[in-house]
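Listed here are the chains, written in short residue letters.
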Amino acid sequence: MPGWKLGAPLLLFLIAFGIDGSNSYLYLIKQSSAGAMANIPNLYIPNNVLRLFTGSGMGIALASILFPAFNNSAWKIYDPAPALDWKKLGAIIGIVLILDLLILTKHPAILYPIAIISVLGVLSLLIIVFSMVWVMIMRLENGFDTLTQMWMPFLAGTTLALLMIAVIDLLRFQLTGTWGGFPLG
């Protein structure tokens, strides 16, 4: 896991995401329900550019914690060296910053592949988390040498991830009557 010094920027990414997300949610409530929470001021008017950067920072923080957590729970023999150092963190932030700037160009040749990668990234994150849960449920912590040996936890994690996505989609359909997002007006 990242140490405290390396964890400080990751914690800042988390705090920025939390503040921006809370502010955006408050703004959404105010816009969609007249008079609701009118006495609570917004810090600023939310915008997608800021959401992109704070979400990217949160993705870096999540990956920085999930990667070592998975390695520590899955492998019989794992490398005890830190998965992240300042040089790697700088490189990751640089790559993500370049990708974010490319996204801001709004060019379809960039947006479509990034959208597919983003969806696959979220699905992968859910599969990894649920696979780790299944590894713990089956009491197989630190019991694997290769990824192919983990087929059962990955299959169970994939099933649970897809089931969760389906339930969320069905719930959204029941609440809104549409497969899209919440209608705002």
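Residues numbered from 1 in each chain as written. Predicted model: local features only at pLDDT ≥ 70, side-chain atom pairs only at ≥ 80, totals over all residues. Heavy atoms only, no water.

### What to know about the side chain of Thr54
Looking at the secondary structure, you find Thr54 in helix H2 (residues 48–74). Look at Thr54 and you get buried, because its relative accessible area is 9%. A polar contact is formed between the side chain of Thr54 and the side chain of Asp20, at a distance of 3.1 Å. Ignoring any residue separated from it by four or fewer positions in sequence, one finds Thr54 in contact with Ala16, Phe17 and Asp20. (Helix = DSSP H or I, 4+ residues; strand = E, 2+ residues; numbered from the N terminus. Buried < 20%, exposed > 50% of the residue type's maximum accessible area, 1.4 Å probe, protein only. Polar contact = N/O pair within 3.5 Å; in protein donor to acceptor, adjacent residues only side chain to side chain. Contact = heavy atoms within 4.5 Å.)

### Considerations on the pattern of salt bridges
Within the structure shown, the criterion is met by 3 salt bridges. Residue Arg51 is joined to Asp20 by a salt bridge in which the shortest nitrogen-to-oxygen separation is 3.0 Å. Taken together, the residues span a long stretch of sequence, with Arg51 in helix H2 and Asp20 in helix H1 (residues 4–32) at a distance of 31 residues. Judged by relative accessible area, Arg51 falls into the partly exposed class, the value being 27%. For Asp20, a relative accessible area of 1% translates into the label buried. One salt bridge in this structure joins Asp145 and Lys76, with 3.5 Å as the shortest N-O distance. Of the two residues, Asp145 sits in the loop between helix H4 (108–137) and helix H5 (151–176) while Lys76 sits in the loop between H2 and helix H3 (86–103), which places them 69 residues apart along the sequence. (Salt bridge = Lys/Arg side-chain N within 4 Å of Asp/Glu carboxyl O.)

### Concerning the packing of aromatic side chains
Across all of its chains, the model carries 2 aromatic pairs by this definition. Aromatic side chains Phe70 and Trp75 sit 5.8 Å apart centroid to centroid with 90 degrees between the ring planes, which places their arrangement in the edge-to-face category. You can call Phe70 buried: its relative accessible area is 10%. With a centroid separation of 6.1 Å and an interplanar angle of 35 degrees, the aromatic rings of Phe70 and Phe154 are classed as tilted. Within this pair, whereas Phe70 is found in helix H2, its partner Phe154 is found in helix H5, the two being separated by 84 residues in sequence. Three or more aromatic residues joined by ring pairs make a cluster, and in this case those are Phe70, Trp75 and Phe154. (Phe/Tyr/Trp six-rings, centres within 6.5 Å; stacked < 30°, edge-to-face > 60°.)

### Quick look at the environment of Ala36
With respect to the helices and strands, Ala36 occurs in the loop between H1 and H2. Counting along the chain gives 63 residues from Ala36 to Leu99, while the straight-line C-alpha distance between them is 37 Å. In this structure Ala36 touches Ile29 and Lys30, once residues within four positions along its chain are discounted.

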